[in-house]
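Residue-level structural notes
Residue-level listing of the chains:
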Amino acid sequence: SQRTQLTVSLMAGVIAGVAAAVISQPADNLLSLINKEGAGGEGSIISRLVRLIFEVGPLNLLLNGLGARCFMVGVLTASQFGLFDVFMQLTNAKKFSFKDPNDTESSNHSLESQPSGPKLVAP
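As a starting point, this report considers the structure included with it. Worth saying up front: this structure is predicted, and the values here are computed from it rather than measured.

In this section: the nonpolar core. Among the nonpolar cores identified, the biggest contains five residues, and these are Leu30, Ile34, Ala39, Leu52 and Leu61. When near neighbours in sequence (up to four residues on either side) are disregarded, Leu61 contacts Gln25, Pro26, Asn29, Leu30, Leu33, Ile53 and Val56.

So this is what it looks like as C-alpha cells:
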C-alpha cells in the first residue's frame, strides 16, 4: 500500500541520515576546531590536524554533538525521501524499471509500455 511504502521510505531516510551524520561527524568537529585561532599549534595543516586529533581524542571527535546531528540529518533526509515518494505517487510515476538486457521478449515491446507524453523532435 502507499502508506506502507511511505513508512518504509521515511525509515530508510532516517537510517541513511543517521549513517551520514555518524560518518561525517568527526571531520566536521575537526574542521570546527582547526578554524579557531591558534588551534593545533604551529606548522602545516596536517601536523595541526594530527595534534588536534590527539588533544581532543578520536572518540570525542565522534561523540561531541552527535545526538543533535543525528536528529537533524535524520529528519532532513527522511523528509527528502518522503517528499520524493509523495510526488512519485501524485504523478503516478514508477521509481524503478529494471530490465534484463538479455531478455529479448521484453525488449520487443518496451516502447509500448512507455508512458505517452510529449515527444522531442529534432530540428
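Having seen the model, we can carry on.
A separate point is the packing of helix α1 (residues 2–34) against helix α4 (residues 66–90). The interhelical angle for the contact between α1 and α4, taken along N-to-C directions, is 145°, at an axis separation of 6 Å. The chirality of how α1 crosses α4 is right-handed. The class makeup of the residues in the contact of α1 with α4 is 15 nonpolar, eleven polar and three charged.

Relative to the 48 Å expected for 33 residues at 1.5 Å per residue, α1 spans 47 Å between its end C-alpha atoms, a close match to the ideal helical length. Along its length, α1 reaches its greatest deviation from straightness, about 45°, at Ser24, and the proline Pro26 lies no more than four positions downstream. Every buried residue of α1 is listed here: Ser9, Gly13, Gly17, Ala21, Gln25, Asn29, Leu30 and Ile34. Along its buried surface, α1 packs onto α2 (45–56), α3 (58–63) and α4.

Quick look at a nonpolar patch on the surface now. Taken together, the side chains of Ile45, Ile46, Val50 and Phe54 present a nonpolar region at the surface, about 430 Å² in accessible area. Looking at the secondary structure, you find Ile46 in helix α2. Judged by its relative accessible area of 56%, Ile46 falls in the exposed class.

Here we take up the environment of Asp85. Mapped onto the elements of the fold, Asp85 is located in helix α4. Take Asp85: its relative accessible area is 1%, and that puts it in the buried class. Taking the C-alpha atoms as reference points, Asp85 and Lys95, ten residues apart in sequence, are found 8.8 Å from one another. Ignoring sequence-local partners within four residues, the contact set of Asp85 consists of Gln5, Leu6, Ser9 and Lys95.

Rules behind the numbers
Residues numbered from 1 in each chain as written. Predicted model: local features only at pLDDT ≥ 70, side-chain atom pairs only at ≥ 80, totals over all residues. Heavy atoms only, no water. Core = buried A, V, L, I, M, F, W, Y, C linked by side-chain atoms within 4.5 Å. Buried < 20%, exposed > 50% of the residue type's maximum accessible area, 1.4 Å probe, protein only. Contact = heavy atoms within 4.5 Å. Axes fitted to C-alpha atoms, helices over the stretch in contact; angles between N-to-C directions. Helix = DSSP H or I, 4+ residues; strand = E, 2+ residues; numbered from the N terminus. Left-handed = near helix turned anticlockwise from the far one by under 90°. Nonpolar A, V, L, I, M, F, W, Y, C, P; charged D, E, K, R; others polar. Expected span 1.5 Å × (residues − 1). Bend = angle between axes of the 7 residues up to and from the residue. Patch = residues over 30% accessible without salt bridge, like charges linked within 9 Å, V, L, I, M, F, W, Y side chains within 5 Å. Areas by Shrake-Rupley, 256 points an atom, 1.4 Å probe, with all protein chains shown as cover. Salt bridge = Lys/Arg side-chain N within 4 Å of Asp/Glu carboxyl O.

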